Amino acid sequence: MPKLTLISHHLCPYVQRAAIALAEKEMPFERVYIDLANKPAWFLAISPLGKVPLLKVENEDGRESVIFESAVILEYLEEVLDTPLHPADPLERARHRGWMEFGSAALNGIARFYSAPDQAALAREARALSLMFDWVEAKLGNGPFFAGDSFTLVDAVFAPVFRYFDVIDRIGDFGILAGKPKLAAWRVALAARPSVRNAVTADYPERLMAFFERKGTALTERIGREAAQRCGPPRVTLPPAGRDLRAARLGQPFQ
Ligand SMILES: N[C@@H](CCC(=O)N[C@@H](CS)C(=O)NCC(=O)O)C(=O)O
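Keep in mind the model is a prediction, meaning the values are calculated, not measured. (Residues numbered from 1 in each chain as written. Predicted model: local features only at pLDDT ≥ 70, side-chain atom pairs only at ≥ 80, totals over all residues.)

## Description of the overall build of the protein
From N to C terminus, the protein includes 11 helices and 4 strands. The C-alpha atoms of the protein give 19 Å as radius of gyration, which agrees with the globular expectation for 255 residues (18 Å, within 12%). Each of the three principal axes of the protein carries a C-alpha extent, and together these read 60 × 45 × 25 Å. Looking at the protein as a whole, 31% of its 255 residues are labelled buried. Of all intrachain contacts in the protein linking residues separated by at least 6 positions in sequence, the fraction that spans at least 24 positions is 68%. (Helix = DSSP H or I, 4+ residues; strand = E, 2+ residues; numbered from the N terminus. Rg over C-alpha atoms; globule rule 2.2 N^0.38 Å. Buried ≥ 20, exposed ≤ 12 C-beta atoms within 10 Å, placed from the backbone. Contact = placed C-beta atoms within 7 Å.)

## A short note on the nonpolar core
Counting residues in each nonpolar core, the largest one holds 54 residues, and the members touching the most others are Ala 18, Ala 21 and Leu 153. When residues of this core are assigned to their parent elements, the largest contribution, 10 residues, is made by helix H6 (residues 153-171). (Core = buried A, V, L, I, M, F, W, Y, C linked by C-beta atoms within 7 Å.)

## A closer look at helix H4 (residues 90-115)
An ideal rise of 1.5 Å per residue puts 38 Å on 26 residues; H4 measures up with 38 Å between its terminal C-alpha atoms. When we look at burial in H4, the residues that qualify are His 96, Met 100, Gly 103, Ala 106, Leu 107, Ile 110, Phe 113 and Tyr 114. Contact partners of the buried residues in H4: helix H1 (13-24), helix H3 (70-80), helix H5 (119-139), H6, helix H9 (204-215) and helix H10 (218-231). (Expected span 1.5 Å × (residues − 1).)

## A look at the packing of H9 against H10
Two numbers describe how H9 lies on H10: the axes approach to 7 Å, and their chain directions differ by 110 degrees. Our classification of the angle between H9 and H10 gives roughly perpendicular. The residues of H10 that touch H9, namely those facing Phe 212, Glu 213 and Lys 215, are Leu 219, Thr 220 and Ile 223. For the contact of H9 with H10, the per-class residue count stands at 3 nonpolar, 1 polar and 2 charged. (Axes fitted to C-alpha atoms, helices over the stretch in contact; angles between N-to-C directions. Parallel < 35°, antiparallel > 145°, perpendicular 65-115°, else oblique. Nonpolar A, V, L, I, M, F, W, Y, C, P; charged D, E, K, R; others polar.)

## Regarding the sheet that holds strand S4 (residues 64-68)
Strand pairing in a sheet relies on backbone hydrogen bonds. The paired strands run either parallel or antiparallel. A sheet is described by the order of its strands in space; here 4 strands give the open sequence S2-S1-S3-S4, paired in mixed fashion. In this open sheet, the two edge strands, each paired with only one partner strand, are strand S2 (30-33) and S4. Neighbouring strand axes in the sheet, compared pairwise and without regard to direction, differ in orientation by 20 degrees on average. The sheet contact formed by strand S3 (residues 54-58) and S4 spans 5 bridges and is antiparallel. Within S4, the position partnered with Leu 55 by the bridge is Ile 67. (Pairing = 2+ DSSP bridges.)

## Topic: the confidence of the model for the protein
Here the protein averages 92 in pLDDT, and 91% of its residues register 70 or above. Every residue in residues 237-251 is under pLDDT 50, and counting partners more than four places away or in other chains gives 21 contacts. (pLDDT = per-residue confidence, 0-100.)

## A look at the packing of H1 against H6
Closest axis-to-axis distance for the H1/H6 pair is 8 Å, and the angle between their directions is 135 degrees. Considering the angle they form, H1 stands oblique to H6. Where H1 crosses over H6, the handedness of that crossing is right-handed. For the pair formed by H1 and H6, the contact residues are Pro 13, Gln 16, Arg 17, Ile 20, Ala 21 and Glu 24 on the first element and Leu 153, Ala 156, Val 157, Ala 159, Pro 160 and Val 161 on the second. When the residues that make up the contact of H1 with H6 are grouped by side-chain class, the tally is 9 nonpolar, 1 polar and 2 charged. (Left-handed = near helix turned anticlockwise from the far one by under 90°.)

## So, the environment of Ala 111
Among the structural elements, Ala 111 can be located in helix H4. For Ala 111, a count of 16 C-beta atoms within 10 Å gives the class partly exposed. Along the primary structure Ala 111 and Glu 125 are separated by 14 residues, whereas in three dimensions their C-alpha atoms are 9.4 Å apart.

## A look at the environment of Met 209
Turning to its location among the elements, Met 209 is positioned in helix H9. We classify Met 209 as partly exposed; it has 16 C-beta atoms within 10 Å. With 11 residues separating them in the primary sequence, Met 209 and Thr 220 have C-alpha atoms 9.2 Å apart.

## Things to note about unusual backbone geometry
In this structure, Pro 53 follows Val 52 across a cis peptide bond, with omega equal to 5 degrees. With respect to the secondary-structure elements, Pro 53 resides in the loop between helix H2 (41-46) and S3. For the bond from Gly 143 to Pro 144, the omega torsion is 5 degrees, close enough to zero to count as cis. Even without being glycine, Glu 26 reaches a positive phi, approximately 55 degrees. The residue Glu 26 is located in the loop between H1 and S2 in this model.

## Examining the pairing of strand S1 (residues 3-8)
As defined by bridge partners, S1 adjoins S3 across 5 bridges and the pair is classed as antiparallel. Directly across from Thr 5, in S3, lies its bridge partner Lys 56. Two strands pair when backbone bridges link them, and S1 and S2 are joined in this way by 4 bridges, in the parallel orientation. Bridge pairing in S2 places Ile 7 opposite Val 32. Note on the crossover from S1 through H1 to S2: the handedness is right-handed. (Right-handed = clockwise from strand over helix to strand, strands pointing away.)

Structure, rendered in structure tokens:
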């Protein structure tokens, strides 16, 4: 068996899907965390796109390869490990790949949501996400997982999507997942899965909240507002509205 190392970032949802798949396949691996705001030279030298995850594969004969792009990592693990997380039927497999892609589109939608520069844009992005999740709700069966009893790669992709909402829900009610009972049950089932729980460190919620607080976006403003309503002045230092908000960092990487 090759030695596997997953080059990671504490908040990256694409890393999480690889970690979940490895755990589901009971494949031991090491994790190395990097700071995306200060990428080490060794990482830049092996990451063609400068992104995590990377999967470093060290063969017994000493040969070393690096795989980049989470979807490719997942497909590689499917091919080399005898513990399939894809359906056997080609048509079903194609359908699952489509929903995995949809999960990536949902992650982009979440990044647009937390990067929205003003409250109107935040509401617009929340609505767009809600409409996306309506599609998922319509495709879900009786659960507990996407394809019923067996955990698949679609579950590995959506678990980190839902994990964002554990923190977003603390900030306010944006109505994104509301009125979607099948999706709500799926979210609960995924959150209880050991592979999903162990895909992040225990301080993930605090790290994500701190990331939202630093961004200086409309969501940051909401954190301050909710905190003020609960217990006095905001602990978040907000930039003045307008010019500075528009100049706020948008999207990834996590800094
Ligand atoms: N399509 C890529 C996306 C990975 C990605 O966006 N990773 C982010 C962190 S979640 C990253 O490394 N960003 C660093 C950067 O863009 O500089 C995949 O599926 O692996």
